[in-house]
Amino acid sequence: MDGLKPGDPRYLKRRVKVCSLDVHPTEKALVVHYEVEATILGELGDPMVGERKECQKIVRLRSLNANTDTSSLARKVVEECRLIHPSKLREVEQLLFYLQNRKQSNDNQEKKHISPRDFKPYTGVELDEEASIGSIDEYIELLYEDIQDKIRGATLIFQLARNPDNLEELIQNETVLGALARVLREDWKQSVDLATTIIYVFFCFSSFSQFHGLVTHFKIGALCMNIIEHELKRYDLWQDELQKKKKDVKELSENQNLKKEHEKSLRKYQSLLIKQEQLLRVALCLLLNLAEDTRTELKMRNRNIVHMLVRLLDREDGDLLLMVVSFLKKLSIFLENKNDMAETLAVEKLAQLVPCEHEELLSTTLRLLLNLSFDTSLRSQMVRASFVPKLSSLLGKSARMCILYHISMDDRFKSMFADTDCIPQLMKMVFDRGEEKIDVELISLCINLAANKSNAQVMCEGTGLKMLMKRAVKLKDVLVMKMIRNLSQHNGPTKSLFLDHVGDLAAQISEQEAEEFVIECLGTLANLTIPDLDWELVLKEYNLVPYLKNRLKPGSAEDDLILEVVIMIGTVSTDDSCAAMLAKSGIIPALIVLLNAKQEDDEFVCQILYVFYQMVFHEATRDVIIKDTQAPAYLIDLMHDNNAEIRKVCDNTLDIIAECDEEWRNKIRTEKFRWYNGQWLEMVENRQMDETGEPFLYGEDGESFGNRDLLERPDLFYSPDGIISVDGAISPEFCMDFQSRELGQTGYRY
């Protein structure tokens, strides 16, 4: 046997090893990962040099659909793809089953329209001949000829680039991409067809992340930005020219030649517009792909990409608008881009697209608006652009519901929903769910809208409130009960409707129910300040007093539940008999213990003080508060709290106590005197301390009159009526009486 020699096929040994199988992330295809090991053998057949390369092959499954027999298809794939060993048949079948049932994500659906295979040469540049990868050198030579030959050569290369399997081979040819980039850079202004076709070729490369560096190397992205900017200026010039000719036609309406010229110009304009929008579309597709790199996206923003895109929102071509809105949606997740959109009034232009017949465009527009709706100022723009009635007529999709939810978060805009058919639709959607769980977006929007009085009236019309109560109580639905709680806070006819449901709500107040649900029921009952409601009967019939008292113990439940119990006690205490019942049950001492435990929580303190106010307000319970508890002392301590609401409740309660009890009246007046004259009293105390110090050196009080305030000199005071005693001290009682008698409103407050 002869030895191996260079050039002999046996001189190079290749070995293929399949590593793994996977599914394609976006397409219905299998990805085969494998290694190619190439070894150079010596003359005696011994391995000398070895090299390994990781490769992958994409097996596209165009026939795969919901009715495909995956077992048969798996056998066919294994038979036709030699890289897959028959032992992998079971794994292939499982992957095919996954692909068959995989749901396409929204992002994939939005990107579906920019697949390289979807782009085909448009009217004017399509060719009858079929491109061949073996003739690539001939196509490159065409790029050095005249414009028409350049278009033909670029179109043939584009045919090859549309097939991803050819991209690697095209890259191996160093001349082709350099020639295309040069022609685009030099001749794009001479031919829209040529520019569009070449950008199509680079777009095919940009569809794969591994080729982004190649596209960037030839500065195609920057060139596309220049082209878009130039085309926008051309469009403005066309518009100005058309407007001018249209005006001339009106002035010379009887001039037939002028009319024909105008019609001819209009047809030419429409033809140019179609080609321009095709160019803009593919240029934006390429830029959107490159924008996956945030550094590249930042460069685009510095070139005012947002302003360019917003200007394109005035176009009518659905595919171009879809690309523009998709690009804006991607950009909108960054603060700077969002601010640019606010500055360019993008929301007003997007209002023209809602609603529209192009379903994918509408969906993408709504997702962009959802991103923008997180900004307060942009939500205001949406309201001004009449998005509330627009979106109300399009309810059903989560994006639309979320936008309305964000708008409903602002109290200024809640009332606008009452003038649309939004609320009846929302109520129908809630009731149509039956016993199924309500979507979070839907019920959250309802909860927000229920906080407005006008909306609440619409929601409670007919059997609205009855059906909501039925669902909430039956299913223990916390969110529906939260909505009911918001409905219950409005005075007027809406609140009166709750009289029929007080028993249903009171029946839920028990230790067996979930705390979250009980919180909402308690909050709803606490809102029912209805004169006709007999709270004493409710407390007795449902034995609520022991529950309320037990829940006042610190740590007996979550703070939210304890707080609702305190608020509930404050509401029922407006009734004389209920206040007496609660006072006899020992709830006041329990509230004082809770006040000590929660003295740092202003909400707890304010609500507990409100209960004290209600108890003092009624004669039946006033003595219990004043004589049997230390509540007045706590009120005095809190009368100068930093919280204005707490001070207000304390003042009102202490005023009632002062009118009814002389001992506490004197304590309250003294404390108020000390507070309002604290600085003066501090000075007096300091003076008394000084008297025990060094002996007098200059004046009687031990310091020079020249260094003291004149008002502190006792020799300047006079007492014709005995106003000031011999030692200069003033009694608080006299000061109070003097102020009320002589100073009136200008004296100290007490």
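Above this text you will find the structure in question.
A quick note: this is a predicted structure, and the numbers were derived from the prediction, not measured.

Conventions adopted
For every chain, the first residue of the written sequence is number 1, and numbering continues from 1 along that sequence. pLDDT decides what is reported in this predicted model: residues at 70 or higher carry local features, side-chain atom pairs at 80 or more are listed and counted, and totals for whole chains, interfaces and linings draw on all residues regardless. Side-chain numbers come from the whole structure's heavy atoms, not from hydrogens or water. Secondary structure elements follow DSSP: runs of H or I of four or more residues count as helices, runs of E of two or more count as strands, with numbering from the N terminus. Relative accessibility decides the category of a residue: with a 1.4 Å probe and only protein chains considered, values under 20% of the type maximum give buried, values over 50% give exposed, and everything between is partly exposed. Here a residue-residue contact requires only that any non-hydrogen atoms of the pair lie within 4.5 Å. Computed with a 1.4 Å probe, the accessible areas rest on the Shrake-Rupley method; for each residue, only the protein chains presented here act as cover. For this analysis, a nonpolar core means a set of buried residues of the types Ala, Val, Leu, Ile, Met, Phe, Trp, Tyr and Cys, connected via side-chain atoms within 4.5 Å. Just so you know, the domain bounds were taken from an automatic or database domain assignment. What counts as an axis is a line fitted to C-alpha atoms, over the stretch in contact for a helix, and the angles between N-to-C directions run from 0 to 180 degrees. Every angle not falling under 35 degrees, over 145, or within 65 to 115 is termed oblique; those three ranges are roughly parallel, roughly antiparallel and roughly perpendicular. Here a crossing is taken to be left-handed if its near helix is turned anticlockwise relative to the far helix by less than a right angle, and right-handed if that turn runs clockwise. Three residue categories are used. Nonpolar comprises Ala, Val, Leu, Ile, Met, Phe, Trp, Tyr, Cys and Pro, charged comprises Asp, Glu, Lys and Arg, and polar comprises the others, including Gly. Here a salt bridge means any side-chain nitrogen of Lys or Arg lying within 4 Å of a carboxyl oxygen belonging to Asp or Glu. Here a patch means residues that are over 30% exposed by relative accessible area and free of salt bridges, tied together within 9 Å if like-charged and within 5 Å if nonpolar (Val, Leu, Ile, Met, Phe, Trp, Tyr). Counting rule for charge: Lys and Arg are taken as positive, Asp and Glu as negative, and neither His nor the chain ends is counted. In this description, the location of a charge corresponds to atom NZ of lysine, CZ of arginine, CG of aspartate or CD of glutamate.

Engineer: Any chance you could break down the overall build of the protein chain for me, citing the residues and the numbers?
Structural biologist: Assigned secondary structure in the protein chain consists of 41 helices and 3 strands. Out of the 750 residues belonging to the protein chain, those deemed buried represent 45%. In the protein chain, 68% of the contacts between residues at least 6 apart in sequence involve partners at least 24 apart. For the protein chain, the accessible area works out to roughly 40,900 Å², and carbon and sulfur atoms hold 48% of it.

Engineer: I'd love a proper account of the environment of V92, names of residues and values included.
Structural biologist: Considering the arrangement of structural elements, one finds V92 in helix α2 (residues 89-101). Sequence-wise, V92 and A74 are 18 residues apart; in three dimensions their C-alpha atoms are separated by 5.8 Å. Once residues within four sequence positions are removed from consideration, V92 is found in contact with L21, L30, A74, V77, V78 and I84.

Engineer: Give me the lowdown on the nonpolar core, citing residues and values where you can.
Structural biologist: In this structure, L180, F327 and F612 are the most contacted members of the largest nonpolar core, which totals 197 residues. Mapping this core onto the domain boundaries places at least three of its residues in each of domain 2 (135-303) and domain 3 (534-677). Excluding residues within four positions of it along the chain, L180 makes contact with L143, A154, I157, I198, V201 and F202. By size, the runner-up hydrophobic cluster in this structure holds 19 residues, among which are V23, Y34, V59 and V78.

Engineer: Break down the packing of helix α29 (residues 515-527) against helix α32 (residues 559-572) for me, with residues and values.
Structural biologist: Between α29 and α32, whose axes approach to 9 Å, the crossing angle comes to 20°. The angle between α29 and α32 places the two elements in the roughly parallel class. Here α29 and α32 pass one another in a crossing that is left-handed. Here E515, V518, I519, L522, G523, L525 and A526 of α29 lie close against α32, whose contacting residues are D560, L561, E564, V565, I567, M568 and T571. In terms of residue class, the contact of α29 with α32 is made up of 9 nonpolar, 2 polar and 3 charged.

Engineer: An account of unusual backbone geometry is needed here, citing residue identities and associated values.
Structural biologist: Trans is the common state for peptide bonds, and a negative phi is the common state for residues other than glycine. Along the chain, V354 connects to P355 via a cis peptide bond; the corresponding omega equals -5°. The backbone phi angle of L345 is positive, close to 55°, even though this residue is not glycine. Turning to its location among the elements, L345 is positioned in the loop between α15 (335-343) and α16 (346-350). By relative accessible area, L345 is classed as partly exposed at 39%. Within the chain, K476 stands out as a residue other than glycine whose phi angle is a positive 55°. Along the chain, the position of K476 falls in the loop between α25 (464-475) and α26 (478-487). Overall, K476 belongs to the partly exposed group, its relative accessible area being 33%.

Engineer: Break down the pattern of salt bridges for me, citing the residues and quoting the values.
Structural biologist: A complete count under the given rule lists 28 salt bridges for this structure. For E277, the salt bridge identified is with R315, shortest N-O distance 3.5 Å. Placement of the pair is E277 in helix α11 (residues 256-290) and R315 in the loop between α13 (305-312) and α14 (318-331), with a sequence separation of 38 residues. Judged on exposure class, the residue E277 and its partner R315 are both buried. Between K598 and D559 there is a salt bridge, and its shortest N-O distance comes to 2.9 Å. One end of the pair, K598, is in the loop between α34 (587-597) and α35 (602-617); the other, D559, is in helix α32, with 39 residues separating them in the sequence.

Engineer: Give a detailed account of a negative patch on the surface, specifying residues and quantitative values.
Structural biologist: Together, D137, E138, E141, E145 and D146 make up a negatively charged patch on the protein surface. Residue placement: D146 occurs in the loop between α4 (136-142) and α5 (147-161). You can call D146 partly exposed: its relative accessible area is 46%.

Engineer: Describe helix α33 (residues 576-584), with residues and values.
Structural biologist: All of the buried residues along α33 are C578, A579, A580, M581, L582 and A583. Those residues of α33 that are buried are in contact with α30 (535-541), α31 (544-550), α32, α34, α35 and α36 (619-628). Just past α33, the residue G586 takes up positive phi, approximately 85°.

Engineer: With reference to specific residues and values, describe the side chain of Q276.
Structural biologist: For Q276, the position within the fold is in helix α11. Judged by relative accessible area, which is 1%, Q276 ranks as buried. Residue contacts for Q276: discarding those within four places in its chain leaves E231, R234, Y235, W238 and R315.

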